[in-house]
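# Observations on the three-dimensional arrangement
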Amino acid sequence: MADTLRFGVVGLGMGMNRSNVIHDTAGAELVAVADLKAERRKAAEEKFGCESHDDALEMFDRDDIDVAMIMTPSGLHGKFGEEAARRGKHVITTKPMDVSVENCNSLIKTCEDNNVKLLVDFGERYGGQNRKIKAALEQGALGKPLLCELRMKWKRPDSYYVGWHGTWELDGGGSIMNQGVHSIDMMLWFMGPVKRVIGAHFDVYDHENCETEDMTSAILEFENGALGHVLTTTTYPGGNVTMIHIHGQTGIVGRGPDVWQFPENEEPEIDLPPYPKNVIEDAIRVINEDAAPAVDGYEGRKSVALNMAIYECARTGKSVTL
């Protein structure tokens, strides 16, 4: 393998953003991109000086690519990730990892069978304040955790749902699976496993062409005994709001707005070691040092499994044990 890791990106919607990150990261080289739209391929060629393909499998067959970054519709992450892994490429998928636990499991197994690394791009895991909150929880600085409240209130117009967004096949869900999955991942990282989904509801409230849902609410019980409240929606006209707040017996932490509240003289001392700023820097570290990624396939699967359990609870009206 070359000293510089060589990347190929599949899907140039959000993939253009990630291509830019690769292009600007020391130790990474954007070799090629793949997309069905010629205008997107041309734009990438002109901006990054890379080559392009209209066939992702053709790009995976290249010998000068070490890492494939999958930025396709969610329901194709596993499919393209497995094709890349079979050709000996390390794999990065955007969120969610895929739209079913079965697809996630298959991708994990294929990467393991072919001895390649698998990373899931949950960018919030790299943020300093989030890592500080995680450390405080690990130290027990909040006392016994009591409640985690997650609110993600965004707005998406009807035009957003033209195409694959908001379909069960390719999006896997709506507000909680597409937009909310970042926060779901953060919640699970902070709080640990969910024991059961106590109750849930989802429906389409304000869109004419969304097949899945534009609002979901759930009540959770964590294995540590704490309660969880989850609300995600794409109907909110007041600007995007994303909040995770956690309180225990003796402390409060959270984001959106930031909260860091402890009794006098009881604030935890946290010294964070250097860490990658994004998944591209992480991939360089993971592959060159044979290290563990911030989010591997097993971690990436957790948010998909919880969202599936929330949907099941809402459909059946019965609590779901994980």
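Residues numbered from 1 in each chain as written. Predicted model: local features only at pLDDT ≥ 70, side-chain atom pairs only at ≥ 80, totals over all residues. Heavy atoms only, no water.

## A closer look at the nonpolar core
By size, the foremost hydrophobic cluster in this structure holds 85 residues, and its most contacted members are Met187 and Leu220. Leaving out residues up to four positions away in the same chain, Met187 has contacts with Cys148, Leu150, Gly192, Leu220, Phe222, Val230, Ile244 and Leu306. (Core = buried A, V, L, I, M, F, W, Y, C linked by side-chain atoms within 4.5 Å. Buried < 20%, exposed > 50% of the residue type's maximum accessible area, 1.4 Å probe, protein only. Contact = heavy atoms within 4.5 Å.)

## So, the sheet that holds strand β8 (residues 194–203)
Spatially, β13-β12-β11-β7-β10-β9-β8-β14 is the arrangement adopted by the eight strands of the open sheet, whose pairing is mixed. Edge strands, defined here as strands with exactly one partner in the open sheet, are β13 (259–261) and β14 (320–321). Across three bridges, strand β12 (residues 252–255) lies against β13 in antiparallel orientation. Note that in β13 the partner of Gly254 across the bridge is Val259. Strands β7 (145–153), β8, β9 (215–222), β10 (227–233) and β11 (241–248) of the sheet are contacted by helix α7 (residues 181–191), whose axis makes an angle of about 15 degrees with β11. (Pairing = 2+ DSSP bridges. Helix = DSSP H or I, 4+ residues; strand = E, 2+ residues; numbered from the N terminus. Axes fitted to C-alpha atoms, helices over the stretch in contact; angles between N-to-C directions.)

## A short note on the pairing of β8
In this sheet, β9 lies alongside β8 in antiparallel orientation, the contact comprising eight bridges. Within the sheet, the bridge partner assigned to Gly199 lies in β9 and is Ile219. Direction of pairing for β8 relative to β14: antiparallel, over a ladder of two bridges. Across the sheet, the residue bridging to Arg196 is Thr321, located in β14.

## Here's the deal with the pattern of salt bridges
Tallied over the full model, the rule gives 21 salt bridges. Between Glu221 and Arg196 there is a salt bridge, with its nearest N and O atoms 2.6 Å apart. Here Glu221, found in strand β9, pairs with Arg196, found in strand β8; they are 25 residues apart in sequence, far enough to count as distant. A salt bridge links Glu299 to Lys302; the nearest nitrogen and oxygen atoms lie 2.5 Å apart. Placement of both Glu299 and Lys302 in helix α9 (residues 297–316) is noted, with a separation of three residues, approximately one turn of the helix. Each of Asp61, Glu82, Glu83, Arg86 and Arg87 takes part in one network of salt bridges that share partners. (Salt bridge = Lys/Arg side-chain N within 4 Å of Asp/Glu carboxyl O.)

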